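Structure at a glance
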Amino acid sequence: MSEPVEDQGAALLRARGMRVTRPRLAVLQVLGAGGHLEVDEIATAVRTRLDSVSTQAVYDVLGALSRAGLARRIEPAGSPARFEARTGDNHHHVVCRACGAIADVDCVHGTAPCLDPVGAGGFVVDEAEVTFWGLCPACQRAKAADD
Ligand SMILES: [Zn+2]
Ligand SMILES: [Zn+2]
């Protein structure tokens, strides 16, 4: 049943001149389900598809996929690195201060960089990494119940 997804992953890898391996396909499948996943979560999910894949191997795959633009690494302050399959659209993230939940925020302008720095010290700026912080709906409800 997973054939079409595997074919899709293989096509993505080949389009970037990458070798198609079972761990790479498995990681792409896991990321393709959506969300912002920690390496441990990805490794656990990959192991339900493939036996004996080390966490280091998953790290290596995520590094290769990130360099190829097939995965995106985000690392909000105070949170472990997370990976997602939604790449190339310059979207931003909103992080809950209470529980660490992360949601996507569409880029206001749609293209990078969506913020134009005034006087970037001669740098050519191609990206603005924006993290919004707040309280997620569940934590707002919990807080309201506390009051
Ligand atoms: Zn929360
Ligand atoms: Zn995202």
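Residues numbered from 1 in each chain as written. Chains lettered and ligands numbered in written order. Predicted model: local features only at pLDDT ≥ 70, side-chain atom pairs only at ≥ 80, totals over all residues. Heavy atoms only, no water.

Let me state the cut-off plainly: UniProt positions are given in the numbering used here, feature names are shortened, and annotations may be inferred rather than shown by experiment.
Under the annotation held in an unreviewed UniProt entry, the protein carries the name Fur family transcriptional regulator, ferric uptake regulator and is attributed to Asanoa hainanensis. One UniProt comment on the protein, placed under Subcellular location (unreviewed entry), says "Cytoplasm".

**Some thoughts on the overall build of the protein**
Heads up, the condition is: Helix and strand assignments come from DSSP, with helices taken as H or I runs of at least 4 residues and strands as E runs of at least 2, each series counted from the N terminus. Three labels apply to residues, based on accessible area from a 1.4 Å probe with only protein chains included: buried if under 20% of the type maximum, exposed if over 50%, partly exposed otherwise in between. We call two residues contacting when some pair of their heavy atoms lies within 4.5 Å. Charged residues are defined here as Lys and Arg on the positive side and Asp and Glu on the negative side; His and the ends of the chain fall outside this count. All charge positions are set by atom: Lys at NZ, Arg at CZ, Asp at CG, Glu at CD.
Check the secondary structure of the protein and you find five helices and six strands. Going from N to C terminus, the protein has its helices and strands arranged as α-α-β-α-α-β-β-β-β-β-α. Looking at the protein residue by residue over its 147 residues, the buried ones come to 33%. Residue pairs at least 24 apart in sequence account for 42% of intrachain contacts in the protein once pairs closer than 6 positions are excluded. Mean positive and mean negative side-chain charge positions of the protein (15 and 19 charges, respectively) differ by 4 Å.

**Notes on the coordination of the zinc ion (ligand 2)**
The condition is simple: Only N, O and S atoms count as donors, using a 2.8 Å cut-off from the metal and 3.2 Å for Na, K and Ca, and because water is excluded some sites may appear unfinished. Site shape is set this way: if four donors have all angles between 85 and 135 degrees, tetrahedral; if opposite donors are over 155 degrees apart and all others between 65 and 115, square planar for four donors and octahedral for six; otherwise irregular.
In the first shell of the zinc ion (ligand 2), the protein supplies His36 (NE2), Glu84 (OE), Glu84 (OE), His91 (NE2), His93 (NE2) and Asp104 (OD), at 2.0 to 2.6 Å from the metal. For the zinc ion (ligand 2), the six donor atoms in the first shell make angles of 54 to 172° at the metal, so the coordination geometry reads as irregular. Taken in sequence order, the residues that donate to the zinc ion (ligand 2) follow the motif H-x47-E-x6-H-x1-H-x10-D. Remark: Asp104 occurs in strand β5 (residues 102-105) and His36 occurs in the loop between α2 (22-32) and β1 (37-38); sequence separation between them is 68 residues.

**So, unusual backbone geometry**
Not every positive phi belongs to a glycine, and Ser52 is a case in point at roughly 45°. Along the polypeptide, Ser52 turns up in the loop between α3 (39-47) and α4 (55-67). One non-glycine residue, Asn90, lies in the positive phi region at around 55°. Looking at the secondary structure, you find Asn90 in the loop between β3 (82-84) and β4 (92-96).

**Some thoughts on the nonpolar core**
Here is the rule we go by: We call a set of buried residues a nonpolar core when its members are Ala, Val, Leu, Ile, Met, Phe, Trp, Tyr or Cys and they connect through side-chain atoms within 4.5 Å of each other.
Ranked by internal contacts, the top residues of the largest apolar core, which has 25 residues, are Val27, Leu31, Ile42, Val46, Leu62 and Leu65. Elements that contribute at least two residues to this core include exactly α1 (3-15), α2, α3 and α4. When residues in this core are grouped by element, the largest group, six residues, is from α2. For Val27, the contacting residues outside a window of four places in its chain are Ile42, Val46, Val61, Leu62 and Leu65.

**Structural notes on the coordination of the zinc ion (ligand 1)**
Note on metal geometry: ideal angles are 109.5 degrees for four donors arranged tetrahedrally and 90 or 180 degrees for six donors arranged octahedrally. The protein atoms that coordinate the zinc ion (ligand 1) are Cys96 (SG), Cys99 (SG), Cys136 (SG) and Cys139 (SG), at distances of 2.3 Å. In this structure, the zinc ion (ligand 1) is coordinated by four donor atoms arranged in tetrahedral fashion, with angles at the metal of 103 to 112°. Each donor residue of the zinc ion (ligand 1) belongs to the same chain, and together they define the spacing C-x2-C-x36-C-x2-C.

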